[in-house]
Amino acid sequence: MLFLKKEYRELVKKINQVDNNTELKKVLNELNTKDYSEEKINELKEVLYKKYSAINSDTFPYIIEYFYSKDTKLEFSVAIYLLNKLFFKIEFLTNLENIPLSEERFLELLPTICKTVMGTTSGIADCMYMVLLEHTRYYDKIDENSKNVIKNSLYKIGMALDYFERNKIVPTKEMLVNLEIMVDVAKLYNDPKVLKFVERTLDIDNIEINLFAVNTLIYNNIPVIDSYVEELARDTRTCKRFYKMLRNMDKLYRFPDEYLTQEHLAMGDMVHWLMHPAEIGDVPDKIEFVQTFEKNEEIFYVFKFQSQKDKFKDKGWMIGISGGYQKDSEPTIDSSGFTFSDFDQFDPKNIISLSEKIIDKINEAWKKRAEEMKNNS
């Protein structure tokens, strides 16, 4: 045996003693797996798999992420092995879709994607679908059998809708997220049966489902009732993303002229920023356009907003900006990256100074980041 039983016990003990992902990486780095032989890698796979029940379950997704992002093919194979063996046991995965894969690695992962999306409807399948969506540039490299497996997995859209209707169930947030991702994947398959299921999802009163359903249908040249298109363009939760979807399809002519204004798109950009989990994490309860101002030949849009979330409800009106946008340009979602809020209270006497404080803060952050990158290079 390349690993001794004592080594197994020590590895598991160290893994269970870590409090965060940084500490876990230190433990795994100590293994120096980049120098492992194929035999020793295979043994490590068995150790981690067989010791699954002895390892803190919240740690396991980060173990998979660690090997998923490693440089060598053998190390990457550890992540694939664990996904194949444990996809039905693991409670969640980290955002693997944010880790770019080479064509070779994507195709190596493809059988695992197929196995997972057919074998479960959990967040693990959601993650594998999202990996697929982030690597559509390799879609033409997918073999026909794998394409059919993924397409057939999308019949679960219809099964879910039938289940909701038959049992008069209001879908949970998790159910809706799973459905939303499958509807998004469906755009890759011009399959009449799957697209019929997607059309049915428009009956669900959920703006996120509607966004991806309309996108998938327009992408596949399926007629969509104008009222759905108008709602997505009007709603500040979706207008930015809907604009981007249509532009990516070269179908911006479907975006209603009534909402194709820079003020509306800038407000959508502000709302989209505020909805990020690191900010308010939801649409603000109120938001109003205040004014524009010009700086460095760009136009910035100032908004005031309120939120009833515990952290913000006592602040009343707060100030945020969106921009900057090029002067005299057509309405667009493309800005120079200054959409931000410090959640300072709105002061009508100091609008410009509060706004410029935001710009200065972002400029300083970018400057600091550039210096750090220079020092690390």
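Higher on the page you've got the structure.
Quick look at the structure, then. Every value quoted in this text rests on a predicted model; they were computed, and no experiment measured them. (Residues numbered from 1 in each chain as written. Predicted model: local features only at pLDDT ≥ 70, side-chain atom pairs only at ≥ 80, totals over all residues. Heavy atoms only, no water.)

Comments concerning the overall build of the protein
Spelled out, the test is: A run of DSSP states H or I qualifies as a helix once it reaches four residues; a run of E qualifies as a strand once it reaches two. Both are numbered from the N-terminal end. Accessibility here uses a 1.4 Å probe with only protein chains present; expressed as a share of the type maximum, an area under 20% marks a residue as buried, one over 50% as exposed, and anything in between as partly exposed. Residue contacts follow a heavy-atom distance rule, with two residues in contact if any of their heavy atoms lie within 4.5 Å. The accessible surface values rely on the Shrake-Rupley method and a 1.4 Å probe; as for residues, cover is taken only from the protein chains in view. Under this rule, positive means Lys or Arg and negative means Asp or Glu; His and the chain ends count for nothing. Here the site of a charge means NZ on Lys, CZ on Arg, CG on Asp, or CD on Glu.
If you tally the helices and strands in the protein, you get 16 helices and 3 strands. The principal-axis extents of the C-alpha atoms in the protein amount to approximately 75 × 55 × 40 Å. Looking at the protein as a whole, 47% of its 377 residues qualify as buried. Restricting the contact set of the protein to residue pairs at least 6 apart, pairs at least 24 apart contribute 65%. If you sum the accessible surface of the protein, you get close to 20100 Å²; carbon and sulfur atoms cover 47% of it. Across the protein, the mean location of the 53 positive side-chain charges is 6 Å away from that of the 63 negative side-chain charges.

Notes on unusual backbone geometry
Peptide bonds are mostly trans, and most non-glycine residues show a negative phi. Omega for the bond connecting Gly323 with Gly324 falls within 30 degrees of zero, at -10 degrees, which places this linkage in the cis form. Following the sequence through the fold, Gly324 ends up in strand β3 (residues 318–326).

Re the pattern of salt bridges
What counts is decided by this rule: For this analysis, a salt bridge means a side-chain nitrogen from Lys or Arg found within 4 Å of a carboxyl oxygen belonging to Asp or Glu.
Taken as a whole, this structure holds 21 salt bridges when the rule is applied. A salt bridge links Glu144 to Lys147; its shortest N-O distance comes to 3.8 Å. Separated by 3 residues within a single helix, Glu144 and Lys147 lie in helix α8 (residues 144–153), roughly one turn from each other. For Arg200, the salt bridge identified is with Glu165, shortest N-O distance 3.2 Å. Within this pair, whereas Arg200 is found in helix α11 (residues 192–201), its partner Glu165 is found in helix α9 (residues 156–166), the two being separated by 35 residues in sequence. With relative accessibility at 25%, the residue Arg200 sits in the partly exposed group. The class of Glu165 is exposed, set by a relative accessible area of 53%. By sharing partners, the salt bridges in this structure join Asp162, Glu165 and Arg200 into a single network.

Some points on the nonpolar core
Formally: Note on terminology: a nonpolar core comprises buried Ala, Val, Leu, Ile, Met, Phe, Trp, Tyr and Cys residues joined through side-chain atoms within 4.5 Å.
Residues Leu48 and Phe242 are the most contacted members of the largest nonpolar core, which totals 92 residues. Setting aside anything within four residues of it in sequence, one finds Leu48 in contact with Ile15, Ile55, Phe60, Ile63, Phe67, Val78 and Leu82. By size, the runner-up hydrophobic cluster in this structure holds 16 residues, among which are Ala266, Met267, Leu274 and Tyr301.

Concerning the side chain of Glu75
The criterion, for reference: Pairs of N or O atoms within 3.5 Å make up the polar contacts considered here, provided that, within protein, one atom can donate a hydrogen while the other can accept it, and that residues adjacent in sequence are counted only when both atoms are side-chain atoms.
With respect to the secondary-structure elements, Glu75 resides in helix α5 (residues 73–86). Lys70 is the oppositely charged side chain nearest to the buried, salt-bridge-free Glu75, at an N-O distance of 4.3 Å. Of note is the side chain of Glu75, whose polar atom sits 3.2 Å from the backbone nitrogen of Lys34. Those residues in contact with Glu75 that lie beyond four places of it in its chain are Thr33, Lys34, Ile41, Phe67 and Lys70.

Regarding the state of the cysteines
The test is simple: We call a pair of cysteine sulfur atoms a disulfide when they lie within 2.5 Å.
A complete count under the given rule lists 0 disulfides for this structure. Its sulfur unpaired, Cys127 is 15 Å from the next cysteine sulfur, which belongs to Cys114.

A short note on a negative patch on the surface
Our working rule: Like-charged residues within 9 Å of one another, or nonpolar side chains (Val, Leu, Ile, Met, Phe, Trp, Tyr) within 5 Å, are grouped into patches, provided each residue has over 30% relative accessible area and no salt bridge.
Together, Asp360, Glu364, Glu371 and Glu372 make up a region of like negative charge exposed at the surface. With respect to the secondary-structure elements, Glu371 resides in helix α16 (residues 351–376). Of the residues examined, Glu371 reaches a relative accessible area of 44% and is grouped as partly exposed.

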